[in-house]
Amino acid sequence: MITLWHCRDARSFRPLWALEELGLPYELKLLPFPPRFHARDYLDENPLGTIPLLVDGETRMTESSAMIEYLSMRHGNGALSVRPDEAGYGAYLNGLLYGEATLTFPQTLVLRYTRLEPEDRRNPQVAGDYARWFLARLRGLDARLETAPFVAGERFTGADISVAYALLLAETLNLSEQFSPAVTAYWARMRDRPAFVRAKAAQAGTERDVKA
């Protein structure tokens with residue numbers, strides 16, 4: 001059984017969504033955020049204290065975008081992947097990393113300096129600078145959507161999960177009103193996917209509940 005440690009709408013939403021897209025059985029361990037402060041025993045499972053943690057037998061993973069590819073290739077017959085001999089392979093790999101390194105990273109600083117730090121340590125200038133950085137980096141997605149309906153071409157893949165999670169985080173941070181029309185339409189399509197809806201429902205339980 002695959003086990004995923006998860007906080008609501010954290011990066012761990014990526015593998016949760018992938019699990020639902022692939023129809024795989026799993027156990028979901030829902031933790032308070034951030035678990036390294038509010039669930040100290042989680043450090044016994046993941047010394048980094050970060051979310052997500054995915055355990056599949058002897059395999060233990062902590063990088064959310066890598067989990068998408070792992071689940072697709074190991075358990076999903078590549079259903080969410082683009083193979084090296086397919087058109088869109090480069091766009092697929094780029095999208096997996098673009099969603100995390102380019103789009104999610106600046107938003108973590110917005111989150112930190114608007115919500116997570118104590119009041120006296122919050123910094124509107126840092127938060128504003130990184131919010132603008134994120135919105136500027138969305139130009140890459142805009143350009144992609146001019147030529148294809150999905151990040152890697154004509155079909156939904158794990159790259160869309162990686163990128164769309166960044167849009168979910170932006171909505172949480174009240175940045176989504178500044179999306180372009182193309183990104184807004186793309187985000188609406190991603191939100192409407194049945195597996196996305198199921199993943200949102202799966203995380204609605206009580207913290208520390210386990211769902212199979």
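Since the structure is predicted, the reported quantities are computational estimates derived from the model, not experimental observations.

A. Structural detail: the overall build of the chain. Tallying secondary structure elements over the chain gives 9 helices and 5 strands in all. Counting from the amino terminus, helix and strand elements in the chain follow one another as β-α-β-α-β-β-α-α-α-α-α-α-α-β. Taking 212 residues into account, the globule formula puts the C-alpha radius of gyration at 17 Å, and the chain, at 17 Å, falls close to it. Projecting the C-alpha coordinates of the chain onto the three principal axes gives extents of approximately 45 × 45 × 25 Å. Counting over 212 residues, the chain shows a buried share of 50%. Once local pairs closer than 6 in sequence are excluded, the contacts in the chain between residues at least 24 apart make up 67%. Within the structure as shown, the chain displays about 10300 Å² of accessible surface, and the carbon and sulfur contribution to it stands at 52%. Within the chain, the 27 negative side-chain charges are centred at a point lying 2 Å from the centre of the 25 positive side-chain charges.

B. Here's a closer look at the packing of aromatic side chains. Under the definition given, this model contains 9 aromatic pairs. Aromatic pair phenylalanine 150 and phenylalanine 156: ring centres 6.4 Å apart, planes at 90°, arrangement edge-to-face. Here the two residues phenylalanine 150 and phenylalanine 156 agree in accessibility, since each one is buried. Chaining the aromatic ring pairs together yields one cluster made of Phe13, Trp17, Phe150, Phe156, Trp187 and Phe196. Of note, arginine 189 hangs over the ring of phenylalanine 150, and the distance from its end group to the ring centre comes to 5.3 Å.

C. Helix H7 (residues 158-172), seen in detail. Relative to the 21 Å expected for 15 residues at 1.5 Å per residue, H7 spans 21 Å between its end C-alpha atoms, a close match to the ideal helical length. H7 sits mainly inside the fold: 13 of its 15 residues count as buried. Count one or two residues on from H7 and you reach asparagine 174, which has phi positive near 65°.

D. Molecular detail of unusual backbone geometry. Omega for the bond connecting phenylalanine 33 with proline 34 falls within 30 degrees of zero, at -10°, which places this linkage in the cis form. Structurally, proline 34 can be placed in the loop between strand E2 (26-30) and helix H2 (35-38). Isoleucine 51 connects to proline 52 through a cis peptide bond whose omega is 10°. Its place among the elements puts proline 52 in the loop between H2 and strand E3 (53-56). The phi angle at aspartate 9 is positive, at roughly 60°, despite the residue not being glycine.

E. Quick look at the packing of helix H4 (residues 89-116) against H7. Following both chains from N to C, one finds H4 and H7 inclined at 15°, their axes separated by 8 Å at the closest point. With respect to H7, the element H4 is oriented roughly parallel. Handedness of the H4/H7 crossing: left-handed. Where H4 approaches H7, its residues Tyr92, Gly95, Leu96, Tyr98, Gly99, Glu100, Leu103, Thr104, Gln107 and Arg115 are matched on the opposing element by Gly158, Ala159, Ser162, Val163, Tyr165, Ala166, Leu169, Ala170 and Thr172. Residue composition of the contact of H4 with H7, grouped by class: 10 nonpolar, 7 polar and 2 charged.

F. Region of interest: the nonpolar core. Ranked by internal contacts, the top residues of the largest apolar core, which has 59 residues, are Trp17, Leu71 and Leu141. Element by element, the count of residues in this core is highest for H7, at 10 residues. One finds Cys7, Leu31, Ala39 and Tyr42 within the second-largest nonpolar core, a separate group that totals 9 residues.

G. Molecular detail of the pattern of salt bridges. Evaluation of the coordinates by the stated rule reveals 12 salt bridges. Note that lysine 200 is salt-bridged to aspartate 9, the shortest N-O span being 3.0 Å. Pair noted here: lysine 200 is in helix H9 (residues 194-202) and aspartate 9 is in the loop between strand E1 (2-6) and helix H1 (13-22), with a separation of 191 residues, a long-range link. For lysine 200, a relative accessible area of 29% corresponds to the partly exposed category. Here glutamate 86 ties to arginine 155 by a salt bridge, and the two come within 3.5 Å at their closest N and O atoms. Here the residue glutamate 86 occupies a position in the loop between helix H3 (64-75) and H4, and arginine 155 occupies one in the loop between helix H6 (139-145) and H7, the gap between them amounting to 69 residues. The partly exposed category is assigned to glutamate 86, whose relative accessible area is 32%.

Calculation rules
- Residues numbered from 1 in each chain as written.
- Predicted model: local features only at pLDDT ≥ 70, side-chain atom pairs only at ≥ 80, totals over all residues.
- Heavy atoms only, no water.
- Helix = DSSP H or I, 4+ residues; strand = E, 2+ residues; numbered from the N terminus.
- Rg over C-alpha atoms; globule rule 2.2 N^0.38 Å.
- Buried < 20%, exposed > 50% of the residue type's maximum accessible area, 1.4 Å probe, protein only.
- Contact = heavy atoms within 4.5 Å.
- Areas by Shrake-Rupley, 256 points an atom, 1.4 Å probe, with all protein chains shown as cover.
- Lys, Arg positive; Asp, Glu negative; His and termini not counted.
- Charge placed at Lys NZ, Arg CZ, Asp CG, Glu CD.
- Phe/Tyr/Trp six-rings, centres within 6.5 Å; stacked < 30°, edge-to-face > 60°.
- Lys NZ or Arg CZ within 6 Å of the ring centre and 35° of its normal.
- Expected span 1.5 Å × (residues − 1).
- Axes fitted to C-alpha atoms, helices over the stretch in contact; angles between N-to-C directions.
- Parallel < 35°, antiparallel > 145°, perpendicular 65-115°, else oblique.
- Left-handed = near helix turned anticlockwise from the far one by under 90°.
- Nonpolar A, V, L, I, M, F, W, Y, C, P; charged D, E, K, R; others polar.
- Core = buried A, V, L, I, M, F, W, Y, C linked by side-chain atoms within 4.5 Å.
- Salt bridge = Lys/Arg side-chain N within 4 Å of Asp/Glu carboxyl O.

Keep in mind these values describe shape, not function.
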